[in-house]
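Chain by chain, the residues:
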Amino acid sequence: GEEEEMPDLDDLELEEGGIEEADPSALAAPAGDASDFVKARSYTVSITYDKYYMVPRMWLFGYNEEGKPLTHPQVFQDMSQDHAKKTVTIDPHPHISGVSQASVHPCKHSNAMKRIIDQIESGGSGKNMRPDTALFLFLKFISSVIPTIEYDFTIDFDA
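Now for a look at the structure at hand. In this convention, every chain numbers its residues from 1, walking through the sequence in written order. Totals for whole chains, interfaces and linings use all residues, but because this is a predicted model, local features are given only for residues with pLDDT of at least 70 and pairs of side-chain atoms are given and counted only at 80 or more. To get the side-chain values, take all heavy atoms of the structure and skip hydrogens and water.

What follows concerns the side chain of Gln-101. In DSSP terms, a helix is any run of H or I states spanning at least four residues, a strand is any run of E spanning at least two, and both are numbered starting from the N terminus. The topology assignment puts Gln-101 in strand β4 (residues 100-104). Relative accessibility under 20% of the residue-type maximum defines a buried residue, over 50% an exposed one, and the middle range a partly exposed one, all with a 1.4 Å probe and only protein chains included. Residue Gln-101 is classed as buried on the basis of its relative accessible area of 7%. Contacts between residues were defined by any pair of non-hydrogen atoms, one from each residue, lying within 4.5 Å. Residues contacting Gln-101, with those up to four places away along its chain left out, are Ser-46, Trp-59, Leu-60, Phe-61, Thr-89, Ile-90, Asp-91, His-93 and Ile-96.

Turning our attention to the pattern of salt bridges. Within this document, salt bridges are pairs made up of a side-chain nitrogen of Lys or Arg and a carboxyl oxygen of Asp or Glu, the two lying within 4 Å of each other. This model, assessed by the stated rule, comprises four salt bridges. The partner of Arg-41 in a salt bridge is Asp-78, and the shortest N-O contact between them spans 3.2 Å. Of this pair, Arg-41 sits in the segment before β1 (42-50) while Asp-78 sits in the loop between α1 (72-77) and β3 (88-92), and the two are 37 residues apart along the sequence. What makes Asp-78 buried here is its relative accessible area of 11%. The shortest N-O distance in the salt bridge between Arg-57 and Asp-50 comes to 3.6 Å. With respect to class, Arg-57 is no different from Asp-50; both count as buried. Here the salt bridges share partners, and the residues they tie into one network are Asp-50, Arg-57 and Asp-91.

Now for unusual backbone geometry. Phi is positive for Met-54, which is not a glycine, with a value near 55 degrees. Tracing the backbone shows Met-54 in the loop between β1 and β2 (55-63).

A helix is expected to span 1.5 Å multiplied by its residue count minus one. An ideal rise of 1.5 Å per residue puts 18 Å on 13 residues; helix α2 (residues 109-121) measures up with 18 Å between its terminal C-alpha atoms. Where α2 is concerned, the buried positions are His-109, Ala-112, Met-113 and Ile-120. Seen along its axis, α2 keeps its buried residues to an arc of 95 degrees; they face one direction. Those residues of α2 that are exposed and aimed more than 90 degrees away from the buried face are Asn-111, Lys-114, Arg-115 and Gln-119. Those residues of α2 that are buried lie in contact with β2, β4 and α3 (134-145). Working definition: the arc comes from the directions between the helix axis and the C-beta atoms, pointing outward to the latter.

This next bit is on the environment of Ser-144. For Ser-144, the location among the structural elements is in helix α3. When the C-alpha positions of Ser-144 and Met-79 are compared, they lie 9.2 Å apart, and in sequence the two are 65 residues distant. Those residues in contact with Ser-144 that lie beyond four places of it in its chain are Ser-80 and His-83.

Pairing between strands is defined by DSSP: at least two bridges between them are needed. Taken together, the nine bridges between β1 and β2 define a ladder with antiparallel strand orientation. Across the sheet, the residue bridging to Val-45 is Leu-60, located in β2. Between the antiparallel neighbours β1 and β2 lie four residues, among them Met-54 with a positive phi of about 55 degrees.

The strand order across the open sheet formed by four strands is β1-β2-β4-β3, and the pairing between neighbours is antiparallel. In the strand order of this sheet, the two ends are held by β1 and β3, each with one partner. Taking each pair of neighbouring strands and ignoring which way they run, the sheet shows an average axis angle of 35 degrees. Examined bridge by bridge, β3 and β4 share five bridges and lie antiparallel to one another. What sits directly across from Thr-89, in β4, is Ser-103. A fitted line through C-alpha atoms serves as each axis, taken over the contacting stretch for helices, and the angle formed by two N-to-C directions is quoted from 0 to 180°. Set on the sheet, α3 makes contact with β1, β2, β3 and β4; between it and β2 the angle comes to about 50 degrees.

Structure representation (structure tokens):
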């Protein structure tokens, strides 16, 4: 078959004035300026393996809305108040010397993970938890401790 030739933009004839009229069904630009947008804190997250407890351990280093490091009290504001200063502590990072970061202490990770896995496996589906889903499950567990952090879970834990 014959190929259709693509038009050259320089050859297009525009309506008078060179600009098409605005589409009345298009959304209007938001009123105000960029200062109307809510800026959010962000965190650098690292996960290490705790040899003593033999479980993953999550470390968090927070930044404010302007990109400056958060103080330790500011970090605790983002944590579940049931866990702040109990399960979440400020400790030296094992691989970054001279830096203390918020950490979800691993002492109860294995019991909590075991309880969650048992609940999933006893859910009546007859399926067992696959080992490759453990890290996703760990992040889901951590989200209960740090409810202000959003994760993208794109995996089905029951499969």
